[in-house]
Amino acid sequence: MFDNLKHPLHTPVLLQELLSLFSLEKPPQSILDCTFGRGGHSLAFLKKFPQTVILALDRDNTAIEFGLTLKEFKEKKIELLNQNFYEFPLTFKKKQTFDLVLMDLGASSPQLDNKERGFSFYKEGPLDMRMDHKQTLTAKDIINQYSKQDLVRLFKTYGEIRNPYKVVSDIVTQRKRKKIETTRELAQLIQKHCGFYRNKHPATTWFLALRIAVNEELTGLERCLKAYLDLLKPKAYWAVISFHSLEDRMIKQAFRQFVREGKGAIYNKKVIQAQKEERQKNPRSRSAKLRVFQKF
């Protein structure tokens with residue numbers, strides 16, 4: 001039904017599960033899409049619920065530039081803001097609340113697939129990893145400037161890597177001779193010390209840890225969660241899709257805390273994951289976890 005909504009570089013995950021939160025008899029009037037990307041989720045909601053109005057955020061200017069080309073934007077069905085969702089609740093001045101707040105965390109497929117963005121170890125590109133090019137810190141800066149102790153702490157904390165010492169020591173040794181500047185250089189260095197595990201590239205968790213650090217993904221998320229409660233209407237849903245355990249754990253704990261405070265209830269007692277058919281069609285969905293909170 002929604003095949004025509006797929007951007008050639010991006011397929012929205014857990015789409016049917018999100019759409020099922022609402023019925024045609026009770027459609028959402030307003031949605032806040034905190035991570036617009038290429039608009040897959042937003043466009044699907046507009047296709048099913050044409051009367052819905054969406055406010056969409058993205059820190060990546062290329063996502064906003066794409067959104068400006070959509071007829072839904074020109075028809076004023078979508079309002080776009082080039083803003084990091086971590087900061088949004090503190091700067092939003094309108095007294096507006098939403099029927100759904102949606103967060104699809106992590107990097108988008110277009111970011112991962114564009115070698116110039118430096119997110120992927122499969123393609124040769126600069127060690128960048130910035131979701132927002134207005135910020136100055138890059139993965140190259142971290143790899144070449146952080147102390148040995150700080151690199152060990154980073155990979156242990158964000159990558160959950162138990163023993164990063166050999167790789168970090170080699171990074172420090174190599175950068176004394178020549179700066180480590182590309183994704184391939186770093187991936188090959190990591191691969192030299194770490195074998196493949198269950199068909200997973202050895203650089204996967206190392207690159208993830210770097211991306212999290214560059215974009216302050218966990219600290220920013222933790223900082224803003226409580227503020228989003230005020231943006232939900234009574235009975236509204238707050239849906240968060242995460243792709244790694246640290247994010248998922250943070251969301252789970254925050255939602256449980258809101259329940260203890262009497263602010264609402266957890267919609268799905270068990271985390272929602274993609275069905276077999278979706279996992280086969282869209283590999284990105286394999287690690288996706290959806291948690292939904294409903295405000296009282």
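Residues numbered from 1 in each chain as written. Predicted model: local features only at pLDDT ≥ 70, side-chain atom pairs only at ≥ 80, totals over all residues. Heavy atoms only, no water.

### A word on the side chain of S285
We apply this condition: Put simply, DSSP H or I for four residues or longer makes a helix, DSSP E for two residues or longer makes a strand, and each gets a number counted from the N terminus. Buried residues are those whose accessible area, probed at 1.4 Å on protein chains only, stays under 20% of the maximum for their type, while exposed residues exceed 50% and partly exposed ones sit between those limits. Residue contacts are defined here by distance: any two heavy atoms, one from each residue, within 4.5 Å place the two residues in contact.
Here S285 is to be found in the loop between α14 (276–281) and β8 (289–295). For S285, a relative accessible area of 1% gives the class buried. When sequence neighbours within four positions are dropped, the list of residues in contact with S285 reads V13, A274, E278 and R279.

### Side note on the layout of surface pockets
Applied cut-off: In this analysis a 1.4 Å probe is tested at points of a 1 Å grid over the protein atoms alone, and where it fits but cannot get out there is a cavity; an open set with protein on both sides within 12 Å along at least five of seven lines is a pocket; lining residues have an atom within 4 Å of a point. Grid points are joined across faces, edges and corners, and a volume is the space filled by probe spheres set on the points. Think of it as three bins: nonpolar holds Ala, Val, Leu, Ile, Met, Phe, Trp, Tyr, Cys and Pro, charged holds Asp, Glu, Lys and Arg, and polar takes everything else, Gly as well.
Counted as a void, the largest pocket has a volume near 1500 Å³. If you trace the largest pocket, you find 43 residues lining it, with F121, K200, T204, L208 and S287 closest to the centre. Taken together, the elements giving at least two residues each to the lining of the largest pocket come down to α6 (109–113), α11 (204–215) and α13 (245–260). Broken down by element, the residue count for the lining of the largest pocket peaks at six residues, all from α11. Grouping the constituent residues of the lining of the largest pocket by class yields 17 nonpolar, 14 polar and 12 charged.

### Brief notes about the packing of aromatic side chains
The line we're drawing: Each aromatic pair joins two rings of Phe, Tyr and Trp (for Trp, the six-membered one) with centres within 6.5 Å, and gets the label stacked for planes under 30 degrees apart, edge-to-face for over 60, and tilted for any other angle.
Under the defined criterion, the tally for this structure stands at 18 aromatic pairs. Taken together, a centroid distance of 4.6 Å and an interplanar angle of 50° make the contact between F121 and Y122 tilted. Assessed through its relative accessible area of 59%, Y122 is described here as exposed. Taken together, a centroid distance of 5.8 Å and an interplanar angle of 70° make the contact between F258 and F293 edge-to-face. Placement of the pair is F258 in helix α13 and F293 in strand β8, with a sequence separation of 35 residues. Of the two residues, F258 and F293, both sit in the buried class. By the ring-pair criterion, three or more aromatic residues cluster together here, those being F85, Y86, Y228, W238, F255, F258 and F293.

### Considerations on the confidence of the model for the protein chain
The condition is simple: Confidence scores here are pLDDT values: one per residue, from the predictor, ranging 0 to 100.
Confidence along the protein chain averages 93 in pLDDT terms, with 95% of residues attaining 70 or more. Considering only residues more than four positions removed or in separate chains, one finds that residues 1–9, a stretch of pLDDT under 50, has 17 contacts.

### Quick look at the packing of helix α10 (residues 183–193) against α11
The line we're drawing: To obtain an axis, a line is fitted to C-alpha atoms, over the contacting stretch when the element is a helix, and the angle between two such axes runs from 0 to 180 degrees between their N-to-C directions. Each angle gets one of four labels, with under 35 degrees taken as roughly parallel, over 145 as roughly antiparallel, 65 to 115 as roughly perpendicular, and the rest as oblique. A crossing counts as left-handed when the near helix is turned anticlockwise from the far one by less than a right angle, and as right-handed when that turn is clockwise.
Where α10 contacts α11, the two axes come as close as 10 Å, and the packing angle between them is 130°. Compared by their axis directions, α10 and α11 come out oblique. Of the two possible hands of crossing, α10 and α11 adopt the one that is right-handed. The residues of α11 that touch α10, namely those facing T183, L186, A187 and I190, are W206, F207 and L210. For the contact of α10 with α11, the residue count by class is six nonpolar, one polar and no charged.

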